[in-house]
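Breakdown of the fold
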Amino acid sequence: MAISTNHATSLPKTCLPSFTALKVPSKPKNIHLGRPGFKRSSISCNVTEQISTVCNMNGRENDFTTLQRPDSVGRFGQFGGKYVPETLLPALTELEQAFHSLADDEDFQKELGGILRDYVGRESPLYFAERLTEHYRRPNGEGPHLYLKREDLNHTGSHKINNAIGQVLLAKRLGKKRIIAETGAGQHGVATATVCARFGLQCVVYMGAQDMERQALNVFRMRLLGAEVRGVHSGTATLKDATSESIRDWVSNVESTHYILGSVAGPHPYPMMVREFHAVIGKETRRQAMEKWGGKPDVLLACVGGGSNAMGLFHEFVGDSDVRLVGVEAAGHGLDSSKHAATLTLGEVGVLHGAMSYLLQDDEGQIIEPHSISAGLDYPGVGLEHSFLKEKGRAEYHSATDEEALEAFKRVSRLEGIIPALETSHALAYLEKLCPSLPDKTKVVVSCSGRGDKDVHTAIKHLQV
């Protein structure tokens, strides 16, 4: 069971007008939001802190087989919350109620399952990467067995379509005719534009101007599908800024608009909801593993930016203590540089985009701008449940540099005839460090979260082939 203690948190009448970070002390008192000298808006917040002590029926901590994730107030331990303008609270409540009501709705589940099968192309294969396995075989002939969970083979080329389909069906049930989304690498934007075209809904996608330049192909795809792509030029013109603009739009148009948030971040119920729509990845993996070798995977490996593909894979196995969960962040130019996106490795607890999680921030609680060669990992925050799993020691998080990801991008392309997304390439890069330490025949499943077509123009600038 989860035991919660309520602590009322006093907030000024400025709730995320600039959507900047909020550094959280160990015992939050008065919370100041916004940059020093920033003109306050009249938007107010209504937030109650829920600090939860995690235990099971026997009082033992960290029993993930019985632990409710999230708890009854939408928190993963200390992480989560609804740090949003009051305008959005009714919409979030409505969304949560609708989501739970559809869990046992046979018509909804049948429609969702049919579209995932016939339109998306699920289930995605669990592919034995024979030549990659051979590459990591040690001189004595021993080594791990490597499998790729092929989310890159989904319609639109990534895992993002799972969540987009689920949320657009939910939006239809709520009577919303206008859809907005944020995107970094463009894959979530493409998935959202795709489902809006499929169901005849208006679609607006916010994308950082820098990301639009390095992901021009996906920008064209979204526009071809009928979406309006709005460039964001504020800040670093990347995913963080696109997310902020999406939230501002939602505040202004909440009655008619549904926001399809693309990762396991943001205010409750989004982290839970996005995870559940992606949980099909892990469920399929368990079933496919039983069919292929008669047991569970030993190690699950996935890249982590916001972390939706990783949570989709991990969620099914969080309660299996004998399955190792490994996430890989973007180390950019190196962890000792100022150019990285290793939030779980070097971040601190704070609030951004409506929820408490680990963030890259300075001593004043302002965002330290992230960097990654991968637009999809270029985010200063991380999914709330990843922060929780890190804090509880259930999952481990490492990092790979731009250079290491590019080498993996090339290596897997040549060994397996699969061009992985640069996001996925970070997880594949960590195999260089992971595989030498694994016992013989260890079964490793890597989430191949997306295909690399979108990243070829970026790779051309860095790779000699």
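1. As for the environment of Val446
- Tracing the chain through its elements places Val446 in strand 17 (residues 443-448).
- Sequence-wise, Val446 and Ala302 are 144 residues apart; in three dimensions their C-alpha atoms are separated by 5.8 Å.
- Aside from chain neighbours lying at most four places away, what touches Val446 is Tyr147, Leu148, Lys149, Leu301, Ala427, Leu428 and Leu431.

2. Some remarks on the sheet that holds strand 11 (residues 257-259)
- Strand order in this open sheet of four strands is 10-9-8-11, and the pairing throughout is parallel. The open sheet has two free edges, formed respectively by strand 10 (228-232) and strand 11, since each of these has just one partner strand. Ignoring strand direction, the axes of neighbouring strands in this sheet form an average angle of 25 degrees.
- Where strand 9 (residues 202-208) and strand 10 come together, five bridges link them in parallel fashion. Bridge pairing in strand 10 places Gly208 opposite Val232.

3. Regarding helix 15 (residues 422-434)
- For helix 15, with 13 residues, the first-to-last C-alpha span of 19 Å sits near the 18 Å given by 1.5 Å per residue.
- Most of helix 15 sits out of view: 11 of its 13 residues are buried.
- Taken together, the buried positions of helix 15 are occupied by Leu422, Glu423, Thr424, Ser425, His426, Ala427, Leu428, Ala429, Tyr430, Leu431 and Leu434.

4. Overview of the sheet that holds strand 6 (residues 126-128)
- What the six strands build is an open sheet, ordered 6-7-17-12-13-16; its pairing is mixed. A strand with exactly one partner marks an edge of an open sheet, and here the two such strands are strand 6 and strand 16 (395-401). Taken over all neighbouring pairs, the strand axes of this sheet differ in orientation by 30 degrees on average, direction set aside.
- Across five bridges, the pairing between strand 12 (residues 299-303) and strand 13 (residues 324-332) is parallel. Across the sheet, the residue bridging to Cys303 is Val328, located in strand 13.

5. Focus: the packing of aromatic side chains
- If you walk through the whole model with that rule in mind, you get eight aromatic pairs.
- Three or more aromatic residues link up through ring pairs in this structure, and these residues are Phe128, Tyr147 and Trp293.
- Across from the ring centre of Tyr127, 5.9 Å away, lies the NZ or CZ of Arg150, which sits over that ring.

6. Thoughts on the confidence of the model for the chain
- For the chain, mean pLDDT is 88; residues scoring 70 or higher make up 87% of the total.
- The low-confidence segment residues 1-20, where pLDDT is below 50, has 69 contacts with residues more than four positions distant or belonging to other chains.

7. Brief notes about the packing of helix 4 (residues 160-173) against helix 5 (residues 187-199)
- Running from N to C, helix 4 and helix 5 point in directions that differ by 40 degrees, and their axes come no closer than 9 Å. When the axes of helix 4 and helix 5 are compared, the pair comes out oblique. Judged by the sense of rotation from one axis to the other, the crossing of helix 4 with helix 5 is right-handed. Contacts from Lys160, Ile161, Asn163, Ala164, Ile165, Val168, Leu169 and Lys172 in helix 4 reach Gln187, His188, Ala191, Thr192, Thr194, Val195 and Phe199 in helix 5.
- The residue inventory of the contact of helix 4 with helix 5, partitioned by class, reads eight nonpolar, five polar and two charged.

8. Thoughts on the environment of Val190
- As for its position among the elements, Val190 is in helix 5.
- A relative accessible area of 1% means that Val190 is categorised as buried.
- Taking the C-alpha atoms as reference points, Val190 and Ala164, 26 residues apart in sequence, are found 9.6 Å from one another.
- The residues touching Val190, leaving out its near neighbours within four places in the chain, are Thr156, Asn218, Arg221, Met222 and Leu225.

9. Section: the side chain of His268
- Within the fold, His268 resides in the loop between strand 11 and helix 9 (270-278).
- Non-local contacts of His268, meaning those with residues more than four positions away in its chain, are made with Pro70, Val73, Gly74, Gly81, Lys82, Leu92 and Glu96.

10. Quick look at the pairing of strand 7 (residues 145-150)
- In terms of residue burial, strand 7 counts as a mostly covered element, since six of its six residues are buried.
- Alternating positions in strand 7 separate into two faces, His145, Tyr147 and Lys149 on one and Leu146, Leu148 and Arg150 on the other, with burial throughout.
- Of the pairings in the sheet, the one linking strand 7 to strand 17 comprises six bridges and is parallel in character. When the bridges of strand 17 are listed, Arg150 appears paired with Cys448.

11. Observations concerning the pairing of strand 15 (residues 355-359)
- A large share of strand 15 lies buried, amounting to five of its five residues.
- Pairing between strand 14 (residues 348-352) and strand 15: five bridges, direction antiparallel. Bridging from a neighbouring strand, Gly350 pairs with Ser357 of strand 15.

12. Topic: the pattern of salt bridges
- Applying the stated criterion across every chain yields a total of 31 salt bridges.
- We note a salt bridge from Lys149 to Glu284, for which the minimum N-O separation is 2.7 Å. Placement of Lys149 in strand 7 and of Glu284 in helix 10 (residues 280-293) is noted, with a sequence separation of 135 residues between them.
- Between Asp211 and Arg214 there is a salt bridge, with its nearest N and O atoms 2.9 Å apart. Of this pair, Asp211 and Arg214 both sit in helix 6 (residues 209-214), three residues apart, roughly one helical turn. Arg214 matches Asp211 in its accessibility class, with the two residues each being buried.
- Sharing partners across several salt bridges, the network here consists of Arg286, Lys296, Glu316, Asp320 and Asp322.

13. Details of the nonpolar core
- By size, the foremost hydrophobic cluster in this structure holds 53 residues, and its most contacted members are Ile165, Leu169, Met222, Trp250 and Tyr270.
- Excluding anything up to four places from it in sequence, Trp250 contacts Leu88, Ala91, Leu92, Ile180, Thr257, His258, Tyr259 and Tyr270.
- Core analysis: the second largest hydrophobic core is formed by 35 residues, Val274, Val304, Val318 and Leu344 among them.

Reading the values: the criteria
- Residues numbered from 1 in each chain as written.
- Predicted model: local features only at pLDDT ≥ 70, side-chain atom pairs only at ≥ 80, totals over all residues.
- Heavy atoms only, no water.
- Helix = DSSP H or I, 4+ residues; strand = E, 2+ residues; numbered from the N terminus.
- Contact = heavy atoms within 4.5 Å.
- Pairing = 2+ DSSP bridges.
- Axes fitted to C-alpha atoms, helices over the stretch in contact; angles between N-to-C directions.
- Expected span 1.5 Å × (residues − 1).
- Buried < 20%, exposed > 50% of the residue type's maximum accessible area, 1.4 Å probe, protein only.
- Phe/Tyr/Trp six-rings, centres within 6.5 Å; stacked < 30°, edge-to-face > 60°.
- Lys NZ or Arg CZ within 6 Å of the ring centre and 35° of its normal.
- pLDDT = per-residue confidence, 0-100.
- Parallel < 35°, antiparallel > 145°, perpendicular 65-115°, else oblique.
- Left-handed = near helix turned anticlockwise from the far one by under 90°.
- Nonpolar A, V, L, I, M, F, W, Y, C, P; charged D, E, K, R; others polar.
- Salt bridge = Lys/Arg side-chain N within 4 Å of Asp/Glu carboxyl O.
- Core = buried A, V, L, I, M, F, W, Y, C linked by side-chain atoms within 4.5 Å.

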